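# Fold and geometry: a report
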Amino acid sequence: ILFSFFSKGVNSMGLFSKCMFSSVEGTILKDGSPVEGVEVTRSYRWINKEEKIETVVTDSKGRFSFKNWTSSSFLSSIIPVEPVIRQKIIFKYQDEEYTGWSFHKHSYADGDEVGVTPIVLQCDLDDEFKRQVPDGYFGICKLSSKPPEK
């Protein structure tokens, strides 16, 4: 029973499981039109661990998505430390690189980056890199109130 408790935890993510990056859905535009074939790389770095990276490519409607990303740590579950998780989403298109999202997350809760999950973004490659939300993330992406059309 004790093993079951430690392997499954007390919630759906598990006792030692932490949300490093909430799920993300987005659309990439250029000149007002969706862009197919953009390489989208999402990454995070937590504590002194190696940076974790995953990459997808936009579809014909410029859409991309990533599932909720978790990691686990026994030590961080028993020793209270403020989390600092460096998050990034980078776009590569026609030999250019764009920062869509850059944020330092300070909690392990799903959706805490902007208060909702999934994080829904509209990203225009023509926009400038800037702070998008007061005391929030930087990048070219703006929060969207609706998920990309399927």
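Above this text sits the structure in question.
Keep in mind that this is a model prediction, so the values were computed, not measured.

The rules behind each value
- Residues numbered from 1 in each chain as written.
- Predicted model: local features only at pLDDT ≥ 70, side-chain atom pairs only at ≥ 80, totals over all residues.
- Heavy atoms only, no water.
- Core = buried A, V, L, I, M, F, W, Y, C linked by side-chain atoms within 4.5 Å.
- Buried < 20%, exposed > 50% of the residue type's maximum accessible area, 1.4 Å probe, protein only.
- Helix = DSSP H or I, 4+ residues; strand = E, 2+ residues; numbered from the N terminus.
- Contact = heavy atoms within 4.5 Å.
- Salt bridge = Lys/Arg side-chain N within 4 Å of Asp/Glu carboxyl O.
- Pairing = 2+ DSSP bridges.
- Polar contact = N/O pair within 3.5 Å; in protein donor to acceptor, adjacent residues only side chain to side chain.

## Notes on the nonpolar core
Among the nonpolar cores identified, the biggest contains 27 residues, and Ile28, Phe91 and Leu121 are the most heavily contacted of them. In terms of residues, this core owes the most to one element, strand E8 (residues 85–93), which gives four residues. Beyond its immediate sequence surroundings of up to four residues, Leu121 is in contact with Val24, Glu25, Gly26, Thr27, Ile89, Trp101, Tyr137, Cys141, Lys142, Leu143 and Ser144.

## With respect to unusual backbone geometry
Glycine aside, residues mostly have negative phi angles, and peptide bonds mostly take the trans form. Of the consecutive residues Thr117 and Pro118, the connecting peptide bond is found in the cis state with omega at 5°. With respect to the element layout, Pro118 can be found in the loop between strand E9 (96–105) and strand E10 (119–124). The phi torsion at Gln94 lies on the positive side, around 50°, for a residue other than glycine. Mapped onto the elements of the fold, Gln94 is located in the loop between E8 and E9.

## What about the pattern of salt bridges?
For the structure shown, the criterion picks out eight salt bridges. The partner of Glu113 in a salt bridge is Lys105, and the shortest N-O contact between them spans 3.6 Å. The exposure class assigned to Glu113 is buried, which follows from its relative accessible area of 7%. Taking the shortest distance from any N to any O, the salt bridge between Lys142 and Asp127 comes out at 2.7 Å. Here Lys142, found in strand E13 (residues 141–143), pairs with Asp127, found in the loop between E10 and strand E11 (130–131); they are 15 residues apart in sequence, far enough to count as distant. When its relative accessible area of 36% is taken as the criterion, Lys142 is described as partly exposed. A relative accessible area of 29% places Asp127 in the partly exposed class. Here the salt bridges share partners, and the residues they tie into one network are Glu39, Lys92 and Glu97.

## Some remarks on the pairing of strand E7 (residues 69–72)
Residue alternation in E7 divides its side chains into a buried set, Trp69 and Ser71, and an unburied set, Thr70 and Ser72. Direction of pairing for strand E1 (residues 17–21) relative to E7: antiparallel, over a ladder of four bridges. In the strand pairing of E7, Ser17 is matched with Ser72.

## Concerning the side chain of Arg42
Tracing the chain through its elements places Arg42 in strand E4 (residues 39–46). Looking at Arg42, the relative accessible area reads 0%, which means it is buried. Within the local environment of Arg42, its side chain forms a polar contact with the backbone oxygen of Ser22, the two atoms lying 3.0 Å apart. Within the local environment of Arg42, its side chain forms a polar contact with the backbone oxygen of Lys67, the two atoms lying 2.6 Å apart. Setting aside residues up to four positions removed in sequence, Arg42 forms contacts with Phe21, Ser22, Ser23, Val24, Lys52, Ile53, Glu54, Phe66, Lys67, Trp69, Lys88 and Ile89.

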